[in-house]
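Chain and residue survey
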Amino acid sequence: RGSVAPGTVVLVTGGARGIGAELSRYLAAQGAAVVAADLVEAVGDAGDPDVTHVQADVSDETSWRQLVTTVLDRHGRIDALVNNAAIYQGLGAKRPFTDITVDEWDRVMAVNTRGVWLGMRAVHPVMKAQGGGRVVNIASSTVHSGVPYFAHYTASKGAVIALTRSVAREVGRDGITVNAVAPGLVETDATRALNDDDYLASAAGHRAVPRPMEPGDLAPVVSFLCSSGSGFITGQTVIVDGGVTFS
Ligand code: NAD
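A brief look at the structure comes next. (Residues numbered from 1 in each chain as written. Predicted model: local features only at pLDDT ≥ 70, side-chain atom pairs only at ≥ 80, totals over all residues.)

Looking at the overall build of the chain
Using the following cut-off: Each helix corresponds to a stretch of at least 4 residues labelled H or I by DSSP, and each strand to a stretch of at least 2 residues labelled E; elements are numbered beginning at the N terminus. In this treatment the radius of gyration is a C-alpha quantity, and the globule benchmark scales as 2.2 Å times the residue count to the 0.38 power. Exposure classes come from backbone-placed C-beta atoms, where a residue is buried if 20 or more other C-beta atoms lie within 10 Å of its own, exposed if 12 or fewer do, and partly exposed in between. The contact criterion used is a C-beta to C-beta distance within 7 Å, with each C-beta placed from the backbone.
A count of helices and strands for the chain gives 8 helices and 7 strands. A compact globule built from 247 residues would reach a C-alpha radius of gyration of about 18 Å, and the chain, at 17 Å, matches this within 12%. The dimensions of the chain, computed from C-alpha atoms along their principal axes, are 45 × 40 × 40 Å. The 247 residues of the chain split such that 45% are buried. Considering only contacts in the chain between residues 6 or more positions apart, those separated by 24 or more positions represent 72%.

Topic: the pairing of strand β4 (residues 80-83)
Worth spelling out the cut-off: Strands are treated as partners if at least two bridges between them are detected by DSSP.
Judged by which residues are buried, β4 turns out to be covered on both faces: Ala80 and Val82 on one side and Leu81 and Asn83 on the other are all buried. Two elements, strand β1 (residues 9-13) and β4, share 3 bridges in a ladder whose sense is parallel. The residue of β4 that forms the bridge with valine 10 is alanine 80. One ladder, built from 4 bridges, connects β4 with strand β5 (residues 133-138); its direction is parallel. In the sheet register, asparagine 83 faces β5, and the bridge partner there is asparagine 137.

Remarks on the site of the ligand
Worth spelling out the cut-off: Nearness rests on one distance test: the residue's C-beta atom, set from the backbone, must lie within 6 Å of the molecule or strand. Under the scheme applied here, ten amino acids are nonpolar (Ala, Val, Leu, Ile, Met, Phe, Trp, Tyr, Cys and Pro), four are charged (Asp, Glu, Lys and Arg), and all others, including Gly, are polar.
Gly14, Gly18, Ile19, Ala86 and Ala190 are the nearest of the 27 residues found near the ligand. Only α1 (18-29) and α6 (189-194) provide two or more residues apiece to the shell around the ligand. Here the shell around the ligand is composed, by residue class, of 14 nonpolar, 9 polar and 4 charged.

Considering α1
The criterion, for reference: Take the residue count of a helix, subtract one, and multiply by 1.5 Å to get its expected span.
Over its 12 residues, α1 runs 17 Å from end to end, which matches the ideal 16 Å to within 8%, given 1.5 Å per residue. Judged by how many residues are buried, α1 sits mostly within the fold: 11 of 12 residues are covered. Within α1, burial applies to Gly18, Ile19, Gly20, Ala21, Glu22, Leu23, Ser24, Arg25, Tyr26, Leu27 and Ala28. Just beyond α1, the residue with positive phi is glycine 31, at close to 100°.

Some remarks on helix α3 (residues 102-130)
Put simply, the rule reads: The angle between axes fitted to the seven residues ending at a residue and the seven residues starting there is what we call the bend at that residue.
Counted at 1.5 Å a residue, the expected span for α3 with its 29 residues is 42 Å, and the 41 Å between its end C-alpha atoms agrees. Of all the bends in α3, the greatest, near 40°, is centred on histidine 124, and the proline proline 125 appears no more than four residues after it. Taken together, the buried positions of α3 are Val108, Val111, Asn112, Thr113, Gly115, Val116, Leu118, Gly119, Met120, Ala122, Val123 and Met127. Each element contacted by the buried residues of α3 is listed here: β1, α2 (61-75), β4, β5, α5 (151-171) and β6 (176-183). With its phi angle positive at about 95°, glycine 131 sits one or two positions after the end of α3.

Below is the structure:
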């Protein structure tokens, strides 16, 4: 009951690389039927034959309709949705909030916040008809720590936490739980491109558990939140950052 049951159908967005690829592999290794949706379907195919990769754009309403149809055609149900896809910046590097352009702001919000809302909206009728389901939204500990030069990203993830709470109250009666997981800094291609080596190395020093964080630190938490054992937990944000911020 504490981890995802074999046969559970899990849809993971942004599953082609980074944290999403690791979550997909971990859940598949536990026996889940994982569909990993990403802008580019081919990237994550190597090494995880148990994960089905499909193309989708989470910021697009039509793409969500097609994605839900694809998963239902293949598996007949959707037991869990992991809203992991996100972008860190619309165009280029971290920058002061005064230098973020409106286009950049809108793109980050469209993927990180609208994408999560669209995803929950698209799977809700399916989960309701099934009698329940699990939604896990990947937020960020930057919401709690207030990382500078990242205002659009941080705001988009704060909105994910707010959405999680609000939707949790609406769908609990349908047997659906909605929770967020807020990771600390994990080294992925994306975060290596954004942060210099000194910044990445210094992150571990701020942790109560002073070591680098890995995608594998998140996967068991997500698995639990996708399991039957987490059925009385909803609207929560689990911060997984080695103890930098405490809620
Ligand atoms: P990443 O950039 O390595 O992977 C994100 C994936 O999402 C990519 O494969 C990308 O193609 C996909 N994606 C982007 N836009 C999309 C769209 N419109 N539709 C479908 N797929 C799309 O990022 P990551 O570091 O693995 O982060 C994964 C999640 O974890 C994100 O939600 C991120 O905000 C969150 N997070 C990461 C960290 C970290 O330190 N890595 C910390 C806190 C939160």
